[in-house]
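Structural characterization, general
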Amino acid sequence: MKALVEYLVKAMVDHPDKVLLAQRTQDQSIHLELSVAPDDMGQVIGRNGKTIHAVRTVAQMAAASKDCKCRLELLG
Amino acid sequence: MPTQEFEGKSLEEAIQNACDAFHLPQEQLDIEILSKGSSGIFGIVGARKARIRATPKETPLDAASQRAKEVLAEILKYVDVPTVVEAEVREECVYLNIVSNGSGLLIGKRGKTLNALQYLVNKIVSREMGKNVPIVVDTENYRSKREGSLTELALQLSEKVKKSRRPLTTGPMNAQDRRIIHLALKEDQDVRTKSKGEGTMRRVVIYPVKKSKGHSSSVAEAKTSA
């Protein structure tokens, strides 16, 4: 799950090297904490949070295919 | 893309030469006319050749479709469902079809997941290409099925509006869905449609059109009396 979010986020930011992801796994749920360069926050969030919602939706779908749950938080 | 100059006895001939040189139809060339040329008198005196500058229009759609396919396949690699992505260029837009096992997982509630995939692929590819490329992500013909059911909904609502003579509103819809409603009722003279609301709450309102008896004829009368 981490790899998927990492791929998506790195493909849409100006500073892929500043993308940091921490993963915590608890039973069947994966908790991801994402941080990006301050300039890239807007890119990752999108208008009305559209982008981050789409990333969450896709991450949840990928997790569901493995019978897991996924939470993604953007730290700013 | 290389720009080249071409000559011909007439404009048509010059364009034809350009098309032959690039092996492209005229529509795919950007043509700048340098000199229209003239046949002169009897084609002898003062005949000038037509000169044009032609540049093949970028056809980035093929490149975009290739890239979009890669991006989508990369995303789906992390999903534990067997998938194959097919790409084609259809009506000026990139159409990606996911062949899968038929579970609704990739579609999600009301296409939520499919739309998220489409949005992300669009964002990533458009960013790389430096311009917006329309990309449609589909699976199991979901898009055309959805179009069918939305068109049906639009027709049902418009019937209600015509009977009650009161406007009706659809539920909140995204831009593509609203577009389908608008297009479904475009030809209907008895109702008109308008989008209302902001952001994700935007809806389509269907209004009845008041039948002003022969609006055009009253104009005609006004003209004759004047």
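Criteria and thresholds
Residues numbered from 1 in each chain as written. Chains lettered and ligands numbered in written order. Predicted model: local features only at pLDDT ≥ 70, side-chain atom pairs only at ≥ 80, totals over all residues. Heavy atoms only, no water. UniProt positions renumbered as here; feature names shortened; annotations may be inferred. Salt bridge = Lys/Arg side-chain N within 4 Å of Asp/Glu carboxyl O. Helix = DSSP H or I, 4+ residues; strand = E, 2+ residues; numbered from the N terminus. Pairing = 2+ DSSP bridges. Axes fitted to C-alpha atoms, helices over the stretch in contact; angles between N-to-C directions. Contact = heavy atoms within 4.5 Å. Parallel < 35°, antiparallel > 145°, perpendicular 65-115°, else oblique. Left-handed = near helix turned anticlockwise from the far one by under 90°. Nonpolar A, V, L, I, M, F, W, Y, C, P; charged D, E, K, R; others polar. Buried area = accessible area lost by both parts, 1.4 Å probe. Polar contact = N/O pair within 3.5 Å; in protein donor to acceptor, adjacent residues only side chain to side chain. Buried < 20%, exposed > 50% of the residue type's maximum accessible area, 1.4 Å probe, protein only. Arc of directions from axis to C-beta. Phe/Tyr/Trp six-rings, centres within 6.5 Å; stacked < 30°, edge-to-face > 60°. Lys NZ or Arg CZ within 6 Å of the ring centre and 35° of its normal.

As recorded in an unreviewed UniProt entry, chain B goes by the name RNA-binding protein KhpB, listed as coming from Desulfacinum infernum DSM 9756. UniProt annotates chain B under Subunit (unreviewed entry) with the comment "Forms a complex with KhpA." UniProt annotates chain B under Function (unreviewed entry) with the comment "A probable RNA chaperone. Forms a complex with KhpA which binds to cellular RNA and controls its expression. Plays a role in peptidoglycan (PG) homeostasis and cell length regulation."

In the nomenclature of an unreviewed UniProt entry, chain A is known as RNA-binding protein KhpA of Desulfacinum infernum DSM 9756. According to the UniProt record, the Function (unreviewed entry) comment for chain A is "A probable RNA chaperone. Forms a complex with KhpB which binds to cellular RNA and controls its expression. Plays a role in peptidoglycan (PG) homeostasis and cell length regulation."

Residue and element names in this part refer to chain B. All chains considered together, the criterion is met by 17 salt bridges over all chains. The partner of Asp177 in a salt bridge is Arg146, with the nearest N and O atoms 2.9 Å apart. Residue Asp177 is found in helix α5 (residues 175-184), and its partner Arg146 is found in helix α4 (residues 142-164); the two are separated by 31 residues along the sequence. Connected via shared salt-bridge partners are Glu5, Glu7, Glu32, Lys49, Arg51 and Arg53.

Before going further, it helps to examine the pairing of strand β1 (residues 20-26) of chain A. Residues and elements named next belong to chain A. The pairing of β1 with strand β2 (residues 29-35) spans seven bridges and is classified as antiparallel. Its bridge partner being in β2, Thr25 is matched across the sheet by Ile30. Between the end of β1 and the start of β2, which pair antiparallel, lie two residues, with Asp27 showing a positive phi angle near 50°.

Our focus in this paragraph is the sheet that holds β2 of chain A. All names here are of chain A. The three strands are arranged β1-β2-β3 in an open sheet whose pairing can be described as mixed. Among the strands making up the open sheet, the edge pair consists of β1 and β3 (69-74). Looking at each pair of strands side by side, their axes are set apart by 15° on average, direction ignored. Strands β1, β2 and β3 of the sheet are contacted by helix α1 (residues 2-10), whose axis makes an angle of about 155° with β1.

It is at 9 Å that the axes of helix α3 (residues 50-64) of chain A and helix α3 (residues 112-129) of chain B come closest, and there the two elements cross at 120°. Between α3 of chain A and α3 of chain B, the crossing angle belongs to the class labelled oblique. Our pair here, α3 of chain A against α3 of chain B, has a crossing hand that is left-handed. Seen from α3 of chain A, the contacting residues are Lys50, Thr51, Ala54, Val55, Thr57, Val58 and Met61 of chain A; seen from α3 of chain B, they are Lys112, Thr113, Ala116, Leu117, Tyr119, Leu120 and Lys123 of chain B. A breakdown of the residues in the contact of α3 of chain A with α3 of chain B according to their chemical character gives eight nonpolar, three polar and three charged.

Each side of the interface is counted separately: chain B has 19 residues, and chain A has 20 residues. Of the roughly 1900 Å² buried where chain B meets chain A, counting both sides, 70% is carbon and sulfur surface. Inspection of the chain B/chain A interface yields two salt bridges. One salt bridge in this structure joins Arg127 of chain B and Asp14 of chain A, with 2.7 Å as the shortest N-O distance. Linking chain B to chain A there are seven residue pairs in polar contact (both at pLDDT 80 or more). When residues of the side of chain B that touches chain A are traced back to their parent elements, those giving at least two are α2 (60-76) and α3 of chain B. It is α3 of chain B that contributes the most residues to the side of chain B that touches chain A, nine residues altogether.

Turning our eyes to something else, we now look at α1 of chain A. It helps to recall that an α-helix has 3.6 residues per turn; residues three or four apart then point in one direction. Within the span of α1 of chain A, buried status applies to Leu4, Val5, Leu8 and Val9 of chain A. What you see down the axis of α1 of chain A is that its buried residues fit within an arc of 120°, all on one side.

Moving on to the packing of aromatic side chains. Centre distance and the angle of the planes are the two values used to describe a pair of aromatic rings. Residue and element names in this part refer to chain B. The full count for this structure, using the stated rule, is zero aromatic pairs over all chains. Geometry around Tyr95 places Arg90 over its ring, the cationic atom sitting 3.7 Å from the centre. Lying across the ring of Tyr207, Arg192 places its NZ or CZ 4.6 Å from the centre.

Let's shift gears to the sheet that holds strand β5 (residues 93-99) of chain B. All names here are of chain B. Taken together, the three strands give an open sheet; going across it, the order is β4-β5-β6, and neighbouring strands pair in mixed fashion. Every other strand in the sheet has two partners, leaving β4 (84-90) and β6 (135-139) as the edge strands with one partner each. Across this sheet, the average inter-strand angle for adjacent strands is 20°, counted without regard to direction. Seen against the sheet, α3 touches β5 and β6 and runs at an angle of roughly 150° to β6.

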